[in-house]
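Observations on the three-dimensional arrangement
What follows is each chain in one-letter form.
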Amino acid sequence: MAASRERLGTVEAEGSSGRQGNSGVEVVVSSDPAPPAPLCPHGPTLLFVKVNQGKEETRRFYACSACRDRKDCNFFQWEDEKLSGARLAARESHNRKCQPPLSRSQCVERYLKFIELPLSQRKFCQRCQQLLLPDDEEKHRKHQIVGDISITQLKRPSQLLYPLENKKTNAQYLFADRSCLFLVDLLSTLGFRRVLCVGTPRLHELIRLKASGDKKSNIKSLLLDIDFRYSQFYMEDSFCHYNMFNHHFFDGKAALEVCRTFLQKDKGEGVIMVTDPPFGGLVEPLAVTFKKLIAMWKEGQSQDNSHKELPIFWIFPYFFESRICQFFPSFCMLDYQVDYDNHALYKHGKTGRKQSPVRIFTNIPPNKIILPIEEGYRFCPLCQRYVSLENQHCEHCNSCTSKDGRKWNHCFLCKKCVKPSWIHCNICNHCALPDHSCNGPKDGCFICGELDHKRSTCPNIFTSKKVNKAVRKRKQRKSNKMKMETTKGQSMNHTTVTGKKKRREKAHQYLCS
């Protein structure tokens, strides 16, 4: 997973309620044609707005799609801000400087030269995270160098590269081999011949390893990832430098065509997309990007197959289920727990709240997906799908209701099953933790207060936008007026001070004479 992972509690709160407290920052996703967004080093920026109970607190602004911390990408621009030619030129220069030092074609050329070297000359700089050619050795002489890089190591770059450690931008937590092998076997069992790996470098590696070692395996894979370091290990038809939050291919139309060709091969048959986005990322822009990839796949479909969907495995925490299904109603969540090699918490075999919260969301019918019985999964004949052992079928809900691997309890007042640690609160009229605050933020729409939808889907949103726009204009006029009065006052004060200074100078000259 080449992705950022935010603190679990914060993300769970965001996933369950859609915001934190009574306010938040939302991404503006419009179905209407919009002007091109300004560019930062990570591609087109996203339009955001701060919302507080339906009111847009400030003007809309553009910010980086990939980085949540301004220290990592400090791009900021008001939506209605006009930039001078000098600032635009400086921005373009900055964006160019932030790009990888080598082009995609240069990386491929270096890779082909590297694999032709004898084993003793194949070296890797751990400090620069770069494969070294003989001409590079002098520049890296004082760095920590690993020698004798084998072909096997080149096929597992995720084990050779250091995982990026910035938790708010691109901290990498990679699939454990258990989860990775399960996915590879499952994809093969389901009959897929091509896998579009979006942010899943380790899955990409294992698919290619299996294909090279097993003549019966004919699965092909294409990796789309924001970590440009992978470009030095793969040819152009196996890796594209890509930002999944804005559907941006860093290498332009050539990379876009590689992805298009991969999706549309054999009229789009036998392909699946597997994605593992950052937990800290917003669901809305991810959904927009995935729909663009789906549209790209559909371009190769005949009209007779227009009803078909691109098969997808979206790997994400279970508490984002309602947000994902809002954009993809045909998706369902599997009970399979995905775990990671270099994460202290997301491990298989733990119990209770320590279990991994990461699940697989898919539009493939769950009765077609067999989960491993030896790992603690069973088949529920009533639900016609595999579930975890403790996920017991509720006769009142007529479903296996547990989401987190624990046995949930049915609340007859709420008319649904809830977590075992929750109790029914008569004040709030729903189940919650025993120490919850009854005056805490309520779920529902910021604009009208209804509980059955969010602000982004409120039927009154357009009326609210008009009112907010008028309020912003009034505030802007008031701000401009205050600035003019302040400037005028400063000018008058300056004149007064200057007059007093001249009178003092004249008095001093008189006394001296």
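So, how was this worked out
Within each chain, residue numbers correspond to sequence positions counted from 1 in written order. Residues qualify for local features only when their pLDDT is at least 70, as the model is predicted, and side-chain atom pairs are given and counted only at 80 or more; totals for whole chains, interfaces and linings, by contrast, use all residues. Excluding hydrogens and water, the side-chain figures rest on all heavy atoms present in the structure. Exposure classes here rest on a 1.4 Å probe applied to the protein chains alone. A residue is buried below 20% of its type maximum, exposed above 50%, and partly exposed in between. The helix and strand labels rest on DSSP assignments: H or I over at least four residues marks a helix, E over at least two residues marks a strand, and numbering proceeds from the N terminus. By definition, two strands form a pair when at least two bridges between them are found by DSSP. Buried Ala, Val, Leu, Ile, Met, Phe, Trp, Tyr and Cys residues that are joined via side-chain atoms within 4.5 Å together make up what is termed a nonpolar core. Each domain's limits were defined by an automated method or a database of domain assignments. Note on contacts: a residue pair qualifies if any of its non-hydrogen atoms lie within 4.5 Å across the two residues. By definition here, a helix of n residues has an expected span of 1.5 Å times n minus one.

The name recorded for the protein chain in an unreviewed UniProt entry is rRNA N(6)-adenosine-methyltransferase ZCCHC4, from Tursiops truncatus.

1. Re the pairing of strand 18 (residues 358-362)
When you tally the buried positions in strand 18, you get five out of five residues, the bulk of the element. Burial of the side chains of strand 18 extends over both faces: V358, I360 and T362 are buried on one face and R359 and F361 on the other. Sheet topology places strand 16 (residues 312-317) next to strand 18; five bridges connect them, and they run antiparallel. Bridge pairing in strand 18 links W314 to F361.

2. Examining the nonpolar core
Counting residues in each nonpolar core, the largest one holds 80 residues, and the members touching the most others are L196, F313 and W314. At eight residues, the largest contribution of residues to this core is made by helix 9 (residues 283-298). Each of domain 2 (100-149) and domain 3 (167-369) gives at least three residues to this core. Among residues more than four places away in sequence, those in contact with L196 are L222, L224, C259, F262, L263, I272, M273, V274 and L293. If you look at the next biggest cluster of nonpolar residues, it comprises eight residues, including C40, Y62, C67 and F75.

3. Concerning helix 7 (residues 201-213)
Helix length check: helix 7, at 13 residues, gives a terminal C-alpha distance of 18 Å against a target of 18 Å (1.5 Å per residue), a fit within 8%. The complete set of buried residues in helix 7 reads P201, R202, L203, H204, E205, L206 and I207. Tucked into the core, helix 7 has its buried residues touching helix 5 (157-160), helix 6 (177-189), strand 11 (194-198), strand 12 (220-225) and strand 15 (271-275).

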